[in-house]
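Reading the structure
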Amino acid sequence: MRRLVAASSALFLLFGFEAAWAHAFLDHAEPRVGSSVAAAPRQLSLWFTQDLEPAFSTVEVHNSAGARVDQGKPRIGPANVMRVGLKPLPPGTYRVLWHALSVDTHTTEGSFSFHVGSH
Amino acid sequence: MFEPLMLARTVHFAAAAMFSGLTFFVLFIAEPVWPRALGRLEPALRTQFVRLGWTMLAVSVASGFAWLLLLTSRLTGQRLLPAMSEGAVWKVLTQTRFGQDWLVRAVLALLLAIFIKRLLPLRGWPSRRDGAIAVLLSAVFMASLGWAGHGGANTGTPGLIQVAADALHLIAAGAWIGGLVPFALVMARALRTRGEAWKAIAANVTRRFSTFGVVVVTVLLLTGLSNTWFLVGGFPALLGTAYGQLLLLKIALVIAMVAVAAINRLVLVPRLQDAAGAERVLGRMRRNGLIEIAFGVAIMAIVGALGTTPPAAHTQVQWPFPARLSAAALNDPATRTEALVLLAAMTAGTALILLGVLVRRVRWPMLAAGSILLLLALPWLGMFTVEAYPTSFYASPTGFSVQSIAAGEALFLQNCSSCHGLDGHGDGPAAKDLQPPPADLTAGHIYAHSDGDLFWWITHGIGDAMPAFGATLDPTGRWNLIDFIHANADATRFGSAADAGMRNAFLAPDFVVDCADGSSPLMGDMRGRILHLVFVGVHTVARVRTLEPTAIVVRLDPTISVGGSFCSADDPDVAKVFALYAGSSVEELDGTEFIVDQLGSLRSSWHPGLVPDWTDPKVFAQVVETIRRTPSAPRAAPGHIHTH
C-alpha cells in the first residue's frame, strides 16, 4: 500500500499538482492561464470541473511585487465559475493563487500567471 | 493510511449500515418466515436486536460528530479545539453541502431512535405503517451518505445518475452487510436453544436471506458498474491507479462474501434435515455469518479509504504489466489468418471445457480435448499482446493545442531533428551510423502507439541509439513534442488526402477564438457544427466581405481589422501550426481556408487559385454539404488532465 501511495504521489508531483487528494480542478480561466492580454481585465474568472463550496473557496491575485490586486471576496456563480473583481492593473505579470473546496469536501489549490500589456 | 478522518468515516458508514440492515432484516427476513405459532420474537433475541439497534445508532451519532469536527479542523487549518470554539463548525454546518447533509442525517437519527421501539415491539410485530416508515427512514439514512461524496460533486445528468446509483448501492450494501449481524444472532440462538422449531427457523431464515441476497447483490453489481464507469473510466485505470486497485480489492471481498453465502445456502441448509449433524451444521452457519461480517467490515474500511482517494478518472494510470492486449494482429493483413485460427482454437477449447463441465456423460474426454487445444494455443498468445510500459496509458494534458504543437516543433528542431530529420522521416544528418536506425516519425506505426508509449520512449530512450530526454525536457515539453509528432504525421498525410479523399480524419489542432459577443471559446468546444477557418493576411482582406458570419477568421497580421460578427484569432502559433498542414510557409498561408467537420476532424483545405473555387458561395455550400454527410471521427483528443 505504501508503495502505491508513493507511486501516485510521485505522479502528482510529476504533473505539477499542488494538492494531492483533490477533486475540483481548474478547467480554464479568463484571462487564460499563461496568456498575455493587451487591455487590463476588470475581473478574473475561473471555471472549475466540479461544484464549489463558496464559504471555503478563495482566490488571490498578486502583482510582481507581491501586493494583492484583487477586490477581495470572490463570487461563485452557476456552472462552477468563480469571479473576483480586479483593481486597475498597470502592464506587468500577475500571479493567481486559487484554493477550492468541492462539495465532496476535498480541497485543491493551484496557481498560474497572466500578463497585461504588450510582450 | 489510517488518518482519523478516514477512521471516523469508516466507523460511521459501518454503524449506519448495521442499523439499517437490522431494520431490513426484521421486516424482510425474520417476520415473513417466523412461525405464526410463536407470534413474536423470542424475548432474549428481541433484547439483543434492540441493544444492537441502540448501539449502532449511538456509534453512528458519535462518529458523525467526530467526522464533522475533524473535517472542520482540516478545512480551516485549525487544531480541533479552536475549530470548535470559533464558529467554524457552524459555518461548515450551514454553508456547505456536507453540513446540510449532516443536519438531515442528525434529524434522521433522532427519528430512528424514536422508531426502534415500534420496529421491535414487546408483543407481535410492527404494524405495516410503522414498518414502512422504519424502512424508509433507514434507507434514507444510508442513501444520504452519498450526497456529499464523489458522485455529488458532478453536475448535469451524469451527476444525477451517479447520485441515484450511489443511493441504491448504499441502501443495498447496508441491507446486506447490516443484515449479517442479526443473522448471526439468530444462528447463535438456534444453536443454544436447539429443538426442531429452531432448526426450521434457521433453515428458513437462511433461505430467505439468500433470496434477499440475490436481489441485493444484483443491485450492488449494476450500481457498482455504473459508478465504476463514472469514477474509474476504463479497464487500465482499474489496474493502474490506487483508486482502481482498492476497488478491485473490494470487489474480491464481495465475491468472497457471496461465496460464503452460497455455501450456507447450497451446502449447509440441505444438511439441516439430518437430525444427527444438525448441531454442527448450525455452528458452521453461525461461523460463516461471522466470517461474512468480517469481510463486510473490511469492505467498509476500503470504502472509507476510497472516499479520500482521488477517483481514477482524475489521475494518471500506472500500467503494472510489461505487455498489454492489442488487436493489431487482427488488423494487419500479414498476420490476420494466423490470428483468426488462434482465436478459433481458443474459442473451441473453451467451449469444449464448458461442455465437459456441464454434461457429466462426456466430462473427461471433453475436458482433455479442450485443455489440449488451449495448451497448444498458449505459445502463440503473445500475438495478441504488445510491449507496454508504466506510462502506456498516461493521458496527455495538452488538449492538442496549437501552443503545445508549436512549442513541440521548437523542441523537435533542437533535440530530435539531427537524427529523425527536419521533417521527421528518420533521415537526419546523424542518422546513418545509428543502430537501430532512427524511426520514421511520419510512418503508419506512429498511429499504433499510444501517447503514453511515446512518452516512455522520449523519457527513457531506446537501447543505445536513442538517448533519454527525461532529465533534459520537463514533462510538459515531452507532451508538447508528442503533439508535434502527431501533427507532423497528420500534416504529411493531410497534404495528399485533402483534395481527393476527404474521408480521412485528422484531429484539428485546438485554439482559442475571440467572438463578437465577448465570449472566447476553444475551437474544440464548438464541435457539432462545421467550422470554416479562413486565414486572412494583407493580400486577402477583401475575402472577409464575402464570408458567411459563422466563419472563423485567423488574422495573420494583428493590425488587420475584420469587424462584423466573426470569431477570430491572431495568435501566431495558429498560423505556424496550420502552415504545417497546408505544406506552406506562414506567409503563403494568406488566403488559405480549412474545413473542420462536426466531429472535430480537419477535412479539407483550399487556397486562392485552386478549383473548385470556395469563394463561389454555391460551390462552397456543396463542399460543406459533402463533408456534413460524411462525418469522420478523429483519434481521441488528448484528455483533460488539469494541471493548473
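This write-up is about the structure you can find in this document. (Residues numbered from 1 in each chain as written. Chains lettered and ligands numbered in written order. Predicted model: local features only at pLDDT ≥ 70, side-chain atom pairs only at ≥ 80, totals over all residues. Heavy atoms only, no water.)

The omega torsion across A:Glu30 and A:Pro31 is 0°, close enough to zero to call that bond cis. Looking at where A:Pro31 falls in the secondary structure, it is placed in the loop between strand E1 (26–30) and strand E2 (36–37). Here B:Val611 and B:Pro612 are connected by a cis peptide whose omega angle stands at -5°. Here B:Pro612 shows up in the loop between strand E8 (601–606) and helix H20 (617–629). Here the phi dihedral of B:Phe400 falls at roughly 50°; this positive angle occurs in a residue that is not glycine. (Helix = DSSP H or I, 4+ residues; strand = E, 2+ residues; numbered from the N terminus.)

Here the focus is the side chain of B:Thr592. Residues and elements named next belong to chain B. Its place among the elements puts threonine 592 in the loop between helix H19 (572–582) and strand E7 (593–596). We classify threonine 592 as buried; its relative accessible area is 5%. If near-sequence neighbours (up to four positions away) are discounted, threonine 592 is found in contact with Leu533, Val534, Phe535, Ala582, Trp606, His607 and Pro608. (Buried < 20%, exposed > 50% of the residue type's maximum accessible area, 1.4 Å probe, protein only. Contact = heavy atoms within 4.5 Å.)

Moving on, we get to the sheet that holds E2(A). All names here are of chain A. One open sheet holds the four strands; their spatial order is E2-E8-E7-E4, and the pairing between them is mixed. Looking along the sheet, the strands with just one partner apiece sit at the ends: E2 and strand E4 (58–62). Bridge count for E2 against strand E8 (residues 107–116) is two bridges, and the pairing is parallel. When the sheet's bridge partners are listed, serine 36 is paired in E8 with histidine 115. (Pairing = 2+ DSSP bridges.)

Residue and element names in this part refer to chain B. Under the defined criterion, the tally for this structure stands at one disulfide over all chains. Paired through a disulfide, cysteine 515 and cysteine 567 show a sulfur-sulfur distance of 2.1 Å. Judged by the torsion about the S-S bond (110°), the cysteine 515/cysteine 567 disulfide is right-handed. Taken together, the positions of cysteine 515 in the loop between strand E3 (506–507) and strand E4 (531–536) and cysteine 567 in strand E6 (residues 567–569) put the pair 52 residues apart, joining distant regions of the chain. Taking the relative accessible area as the measure of exposure, cysteine 567 reaches 13% and is therefore buried. Of all cysteine sulfurs, the one in cysteine 419 lies closest to cysteine 416, which takes part in no disulfide; the gap is 8.8 Å. (Disulfide = S-S within 2.5 Å.)

On their own, these measurements won't tell you what the molecule is for.
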